[in-house]
Structure formats: structure tokens, C-alpha cells
Amino acid sequence: GNQLSGSLHAHTFARLASLERLFLNGNRLSGLHPGTFTSLVRLTELNLDNNQIEELTANHDNTYCSLFAGLTSLVKLSLNCNRVEHVDAHAFRGLTQLRTLHLSKNRIERVDALAFADLASLRVLWLNENRIGTIHADTFAPLAASLRVLRLNKNQLDELEPAAFSRLTGHS
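Residues numbered from 1 in each chain as written. Predicted model: local features only at pLDDT ≥ 70, side-chain atom pairs only at ≥ 80, totals over all residues. Heavy atoms only, no water.

Engineer: It is not clear to me how the pattern of salt bridges should be interpreted in this structure. Could you clarify?
Structural biologist: Oppositely charged side chains can pair when the atoms bearing their charge come close. Summed over all chains, the structure comprises 3 salt bridges. A salt bridge links E45 to R21; the shortest N-O distance between them is 3.0 Å. Pair noted here: E45 is in strand β4 (residues 45–47) and R21 is in strand β2 (residues 21–23), with a separation of 24 residues, a long-range link. Between D118 and R93 there is a salt bridge whose closest N-O contact spans 4.0 Å. Placement of D118 in the loop between β10 (110–111) and β11 (124–126) and of R93 in the loop between β8 (86–87) and β9 (100–102) is noted, with a sequence separation of 25 residues between them. (Salt bridge = Lys/Arg side-chain N within 4 Å of Asp/Glu carboxyl O. Helix = DSSP H or I, 4+ residues; strand = E, 2+ residues; numbered from the N terminus.)

Structure (C-alpha cells):
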């Protein structure tokens, strides 16, 4: 198989504007640079499973930005089996069409309250097999109308803030 390692640089895929699905799973990628995927405006699926990715955002001139900026058509993002420890408020900014997000089997300890703020279309969220200890009151609030599947099993949950799931509505 492939043995891509290190980081993918900005504009790596600049000439592939028509690409709809990209599978980079099973490599040793440790990082992504802002702009890596910017030109992939038609991309609907991105699989980065089984890599060594630690960060989902980048600090550029003291401004945090998503490494997935520009992926306005993205419907499925899979980051299972990486080394992500923190999902911050900028991680998925602008991914308004995203319906499926897989973050299983990482090292996530903390999910910021606004981490999913732009994901109003998200239906499936896997956060299982991480190290999450606390779920904050507004973490899932932006997903209230859309979320259908939430996997939180095999974490280290010891605190659920009283309103953690209060805005999620039941669907039959």
C-alpha cells in the first residue's frame, strides 16, 4: 500500500477541481496544511482514516482556520483511527453540507462547545472510542434538527452537563 508520510501541503490537489471522492486512508500522514483541499470544490467524500493526524485546525498569523476550508460540497468526512486530541470551534467551519462525520478511535479528550456550529446538515456523528470526559451543554445544540446517529460509547465520560442533550429532539 501507499506510505505517504509527513504533511500534505497547500495546493497539493490544485489541478483536481473535478474530483468528487478522495481516499487517503491507510497512510502515515501526520498533518495537513491550510489550503490542502481548497480547490476541491466538488469533493463530496474525504477519507483520512488510519493516519497519524493530530490537529484539525491551524494557527495562521494568530488566526485559527479549518484544514478543510473550501470543501463546500463535502458530505462525508472520515477521520477514524488518527491521533486527534481536541476538536476546537474552528475544526469544521464552513462544512455546511456535511452529513456524516467519523471521529472514532482517536485520542479526543475535549470537544469545544462550538465545534459543530456550522454542521446544521449533520446526520451521523461518531465520537466513540476516544477519551472524552465531559459533554458541554451546547456541544450538540447546532445539530438539534438534523442529527440521527450519535456514537459516544467507549469514552471516559464522567460528566454530562444537565443540558447536554436538551435541544436534541426525538424522531421516529
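Alright, that's what it looks like, and here's the rest.
Engineer: Would you mind going over the packing of aromatic side chains with me for this structure?
Structural biologist: For any pair of aromatic rings, geometry is given as the distance between the ring centres together with the angle between the planes. Enumeration according to the criterion identifies 5 aromatic pairs in this entry. Considering the side-chain rings of F37 and F68, the 6.3 Å spacing of their centres and the 10° angle between planes classify their relative orientation as stacked. Within this pair, whereas F37 is found in the loop between β3 (28–32) and β4, its partner F68 is found in the loop between β6 (63–66) and β7 (76–78), the two being separated by 31 residues in sequence. Owing to a relative accessible area of 0%, F37 belongs among the buried residues under this scheme. Taken together, the ring pairs connect F13, F37, F68, F92, F116 and F140 into an aromatic cluster. A cation sits over an aromatic face here: R151 above W126, 4.6 Å from the ring centre. (Phe/Tyr/Trp six-rings, centres within 6.5 Å; stacked < 30°, edge-to-face > 60°. Buried < 20%, exposed > 50% of the residue type's maximum accessible area, 1.4 Å probe, protein only. Lys NZ or Arg CZ within 6 Å of the ring centre and 35° of its normal.)

Engineer: Sorry if this is basic, but what is going on with a negative patch on the surface here?
Structural biologist: There is a patch of like negative charges on the surface, built from E54, E55, E85 and E109. Tracing the backbone shows E55 in the loop between β4 and β5 (57–60). (Patch = residues over 30% accessible without salt bridge, like charges linked within 9 Å, V, L, I, M, F, W, Y side chains within 5 Å. Areas by Shrake-Rupley, 256 points an atom, 1.4 Å probe, with all protein chains shown as cover. Lys, Arg positive; Asp, Glu negative; His and termini not counted. Charge placed at Lys NZ, Arg CZ, Asp CG, Glu CD.)

Engineer: Looking at this structure, I do not really get the sheet that holds β11. What am I missing?
Structural biologist: As a general point, the strands of a sheet are linked pairwise by backbone hydrogen bonds and lie either parallel or antiparallel. Read from one edge to the other, the open sheet built from 6 strands follows the order β2-β4-β7-β9-β11-β13, with strand pairing classed as parallel. Every other strand in the sheet has two partners, leaving β2 and β13 (149–151) as the edge strands with one partner each. Recorded for the sheet is a direction-independent mean angle of 5° between the axes of neighbouring strands. Judged from the 3 bridges that link them, β9 and β11 form a sheet pairing that is parallel. Bridge assignment links L101 to a residue of β11, and that residue is L125. (Pairing = 2+ DSSP bridges. Axes fitted to C-alpha atoms, helices over the stretch in contact; angles between N-to-C directions.)

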